[in-house]
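# Close look at the chain arrangement
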Amino acid sequence: MVTRNVQTLHRLHTAGSWNGLMVSLRVIIRSPIPGPVPQGTIRLYSMKYCPYAQRTRLVLEAKGIKYETININLIRKPDWFFEKNPLGLVPVLETSQNQLIYESPITCEFLDESYSGRKLLPADPYEKARQKMLLEHFSKLTGCMYKILRSRQKSEDTSELEEGFWNHLCFFEQCLSVAKTPFFGGDAVTMVDYMLWPWFERMEAFSLHKGRLLHSVLLLWSPLHRRD
Amino acid sequence: MSAKALSKGSPIPGPVPQGTIRLYSMKYCPYAQRTRLVLEAKGIKYETININLIRKPDWFFEKNPLGLVPVLETSQNQLIYESPITCEFLDESYSGRKLLPADPYEKARQKMLLEHFSKLTGCMYKILRSRQKSEDTSELEEGFWNHLCFFEQCLSVAKTPFFGGDAVTMVDYMLWPWFERMEAFSLHKFLDNTPCLRNWIKVMVQDPAIKATAIDSKTYKDFYILYAQRSPEACDYTS
């Protein structure tokens, strides 16, 4: 750690960037690697607005797990963060036994299996598989959402992408209307609802809540979820 | 296994008999091979219906809206797709040898490894596509080498022959199909510098499930030429 800091400082100094050096010093001084995780608690590396990290936070809250949060500046990531997750992304869980778990669905499943109490994943292998297949479909919907956002930033025409987004949304609408249940896993909130939720919370911020009328069934799921 | 692949216009298969599980597959698909490895390793009674992925039957989209193999169909008409989901479903549904670790952290470790591996396979396919367009692949091959090193390091740090310890577990089967195709993809020269991975390959080829599903490099090479040309006969190719 010390060696790396010295090397970084040297590189910046020889590049002649005093401002860069000051910024780097601030970053280095301000974010030393956190200490170990205390017994009886689990640590979440997160970012306030990250939807993927929100999945993990939803599970932590839903299961009443004792946790501490360390927020990461995803624009100016601390070097040590790559020791926690080589992919450099949140969410990451760290246990008091120094175990590191990353990738949002993996963190959520780890929490559900490791902690007793309310089980969010179904016990039945097929029902569990159904939830995971739904998640796979959902990744296409979120992929669409991000493509639309990037296209808009470039002031491109998004009508074709929005058509694709609508089709993906219909798939989820159909899941609820065919099942005739308020939630994606039945009559109560289960893991899959929490996995999907963060993007629906952002629908309005992404300006995707209008355009086509959200069918009443999907609309019904949203308010139900807000109450959770 | 060598049954002719069903194409567009073929009738929808009948129900799955009791006591058996059906796998929709394609002889040369590495993702479907994952599921076949688990079926073999756990000694599960199964039947295979091969799908012509170049001329997919319309009814296949009722089995998997994404139109991909592998798909499992049970005698209760349950459909499961996406290779990791099929493998986990089989491990949980069938008793006997457990391939996934019981410990939540060890299970999570295997899944994280799989995530890293998807970057390696992504790299492999980019290299193949670039070569088809006669583009320069040196930068992509650099990336591929870095990803391969990650896996080499996993084994050298753990000092175990397999990715999950001293015996074959789920993650080994999940990685295997692409290593079986390394030579067909002309990427096997990279293994010259990865002694732990070479050792892993040496012990993996002894595994009975792997022996049951193995195909030689020359046959893969010939298949991939036909598949790249989108030949409707590719999926039924026999050497």
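Located above this text is the structure these notes cover.
Quick summary incoming for the structure in this document. Small disclaimer: the values here were computed from a predicted structure and weren't measured. (Residues numbered from 1 in each chain as written. Chains lettered and ligands numbered in written order. Predicted model: local features only at pLDDT ≥ 70, side-chain atom pairs only at ≥ 80, totals over all residues. Heavy atoms only, no water.)

## Notes on the nonpolar core
What counts, and what does not: By nonpolar core is meant a set of buried Ala, Val, Leu, Ile, Met, Phe, Trp, Tyr and Cys residues that side-chain atoms within 4.5 Å join together. Only protein chains enter the accessibility calculation, which uses a 1.4 Å probe; a residue is then buried when its area is under 20% of its type maximum, exposed when over 50%, and partly exposed in between. Only heavy atoms matter for contacts: two residues are in contact if any of them lie within 4.5 Å across the pair.
Formed by 77 residues in total, the largest nonpolar core has its most connected members in B:Phe144, B:Phe163, B:Leu175, B:Phe179 and B:Trp200. When near neighbours in sequence (up to four residues on either side) are disregarded, B:Phe163 contacts B:Arg109, B:Leu113, B:Phe151, B:Cys154, B:Leu155, B:Val171, B:Asp172, B:Leu175, B:Leu197 and B:Trp200. With 54 residues, the next largest nonpolar core counts A:Ile148, A:Phe172, A:Val192 and A:Leu196 among its residues.

## Some points on the sheet that holds strand E2 (residues 67–71) of chain A
Sheet strands pair by backbone hydrogen bonding; their relative direction is either parallel or antiparallel. Residue and element names in this part refer to chain A. Using the following cut-off: Any two strands between which DSSP finds at least two bridges are classified as paired. What counts as a helix is a DSSP run of H or I of at least four residues, what counts as a strand is a run of E of at least two, and both are numbered from the N terminus. All axes here are fitted lines through C-alpha atoms, helices being fitted over the stretch that makes contact, and every angle between N-to-C directions spans 0 to 180 degrees.
Pairing is mixed across the open sheet formed by four strands, whose spatial order is E2-E1-E3-E4. At either end of the open sheet lies a strand with only one pairing partner, and these are E2 and strand E4 (100–102). Each neighbouring strand pair of the sheet contributes to a mean axis angle of 20°, computed without reference to strand direction. Across the sheet, helix H5 (residues 104–114) touches strand E1 (42–46), strand E3 (92–94) and E4, and the angle it forms with E4 is around 125°.

## As for helix H1 (residues 30–41) of chain B
Residues and elements named next belong to chain B. For clarity, the threshold we go by: Any helix carries an expected span of 1.5 Å times its number of residues minus one.
Over its twelve residues, H1 extends 16 Å from the first C-alpha to the last, a length consistent with the 16 Å expected when each residue adds 1.5 Å. Most of H1 sits inside the fold, with ten of its twelve residues counted as buried. A positive backbone phi angle near 65° is found at glycine 43, which sits one or two residues after H1.

## Quick look at the packing of aromatic side chains
Aromatic ring pairs: the centre-centre distance and the angle between the two ring planes describe each pair. Residue and element names in this part refer to chain B. Quick note on the threshold: Ring pairs are drawn from Phe, Tyr and Trp, using the six-membered ring of Trp, whenever the two centres fall within 6.5 Å, and their geometry is named by plane angle: stacked under 30 degrees, edge-to-face over 60, tilted for the rest. Any Lys NZ or Arg CZ that is within 6 Å of a ring centre and within 35 degrees of that ring's normal is treated as a charge sitting over the ring.
Overall, the coordinates contain 30 aromatic pairs over all chains when judged by the stated rule. Taking the centre distance of 4.9 Å and the plane angle of 75° together, the rings of tyrosine 31 and tryptophan 178 count as edge-to-face. Remark: tryptophan 178 occurs in helix H6 (residues 170–180) and tyrosine 31 occurs in helix H1; sequence separation between them is 147 residues. The exposure class assigned to tyrosine 31 is partly exposed, which follows from its relative accessible area of 32%. Among the residues examined, tryptophan 178 registers a relative accessible area of 0% and is labelled buried. The structure contains a cluster of three or more aromatic residues connected by ring pairs, namely Tyr31, Phe117, Phe150, Phe151, Phe163, Trp176, Trp178, Phe179 and Trp200. When the ring centre of tyrosine 227 is taken as origin, the NZ or CZ atom of arginine 230, which lies over that ring, is 5.8 Å away.

## Observations regarding the pattern of salt bridges
Rules: One side-chain nitrogen of Lys or Arg within 4 Å of one carboxyl oxygen of Asp or Glu is enough to make a salt bridge.
The tally for this structure, following the rule as stated, stands at 27 salt bridges over all chains. Among the ionic pairs, B:Arg22 bridges to B:Glu47, the shortest N-O distance being 2.6 Å. Of this pair, B:Arg22 sits in strand E1 (residues 21–25) while B:Glu47 is found in strand E2 (residues 46–50), placing the two residues 25 residues apart along the sequence. A relative accessible area of 4% means that B:Arg22 is categorised as buried. The network of salt bridges with shared partners includes A:Glu109, A:Glu113, A:Lys128, A:Lys132, B:Glu88, B:Glu92, B:Lys107 and B:Lys111.

## Quick word on the packing of helix H6 (residues 125–153) of chain A against helix H8 (residues 191–201) of chain A
Residue and element names in this part refer to chain A. Where we set the bar: An angle counts as roughly parallel when it lies under 35 degrees, as roughly antiparallel when it exceeds 145, as roughly perpendicular when it falls between 65 and 115, and as oblique in every other case. In this classification, the charged set is Asp, Glu, Lys and Arg, the nonpolar set is Ala, Val, Leu, Ile, Met, Phe, Trp, Tyr, Cys and Pro, and all remaining amino acids, among them Gly, are polar.
Two elements in contact, H6 and H8, have axes whose closest approach is 10 Å; the angle formed by their N-to-C orientations is 5°. By the angle between their directions, the pair H6 and H8 is classed as roughly parallel. For the pair formed by H6 and H8, the contact residues are Gln131, Leu134, Leu135, Phe138, Thr142, Met145 and Tyr146 on the first element and Met191, Val192, Met195, Leu196, Trp199 and Phe200 on the second. In the contact of H6 with H8, the residues fall into eleven nonpolar, two polar and no charged.

## Details of the interface of chain B and chain A
Condition: Summed over both partners, the accessible surface that disappears when two parts come together, traced with a 1.4 Å probe, is what is meant by buried area.
The partner chain A presents 21 residues to the 21 residues of chain B that form the contact. A per-residue breakdown of the area chain B buries against chain A is headed by B:Ile85, B:Tyr105 and B:Met112, which together make up 26% of the total. Taken together, the connections running from chain B to chain A amount to four salt bridges. For the side of chain B that touches chain A, the secondary-structure elements that each account for two or more residues are strand E4 (79–81), helix H3 (83–93) and helix H4 (104–132) of chain B. Considering every element that reaches the side of chain B that touches chain A, the biggest residue donor is H4(B), with nine residues.

## A closer look at the packing of helix H3 (residues 51–62) of chain A against H8(A)
Residues and elements named next belong to chain A. Short version of the rule: When the near helix sits turned anticlockwise from the far one by under a right angle, the crossing is termed left-handed; a clockwise turn instead gives a right-handed crossing.
The geometry of H3 relative to H8 is characterised by a closest axis approach of 9 Å and an angle of 135° between their N-to-C directions. Comparing the axis directions of H3 and H8 gives the class oblique. Where H3 crosses over H8, the two elements pack in a sense that is right-handed. Between H3 and H8, the residues in contact are Pro51, Tyr52, Gln54, Arg55, Leu58, Val59 and Ala62 and Met191, Tyr194, Met195, Trp197, Pro198, Trp199 and Glu201, respectively.

## Describing the pairing of E2(A)
Looking along a regular strand, one sees side chains alternate from face to face of the sheet. Residue and element names in this part refer to chain A. Defined as follows: Handedness of a crossover is defined as follows: orient the strands so they point away from the viewer, and if the path from the first strand over the helix to the second runs clockwise, the crossover is right-handed.
Here E1 runs beside E2; their pairing, made up of five bridges, is parallel. By the bridge assignment, isoleucine 42 is partnered in E2 with tyrosine 67. In this fold, E1 hands off to H3, which returns the chain to E2; that crossover is right-handed.

## Focus on unusual backbone geometry
The omega torsion across A:Val90 and A:Pro91 is 5°, close enough to zero to call that bond cis. With respect to the helices and strands, the residue A:Pro91 is situated in the loop between helix H4 (81–84) and E3. The omega torsion across B:Val69 and B:Pro70 is 5°, close enough to zero to call that bond cis. Its place among the elements puts B:Pro70 in the loop between helix H2 (60–63) and strand E3 (71–73). You will see that A:Ser207, though not glycine, has its phi angle at about 55°, which is positive. If you trace the backbone, A:Ser207 turns up in the loop between H8 and helix H9 (216–226). At B:Glu82, a position not held by glycine, the phi torsion is positive, near 80°. Within the fold, B:Glu82 resides in the loop between E4 and H3.

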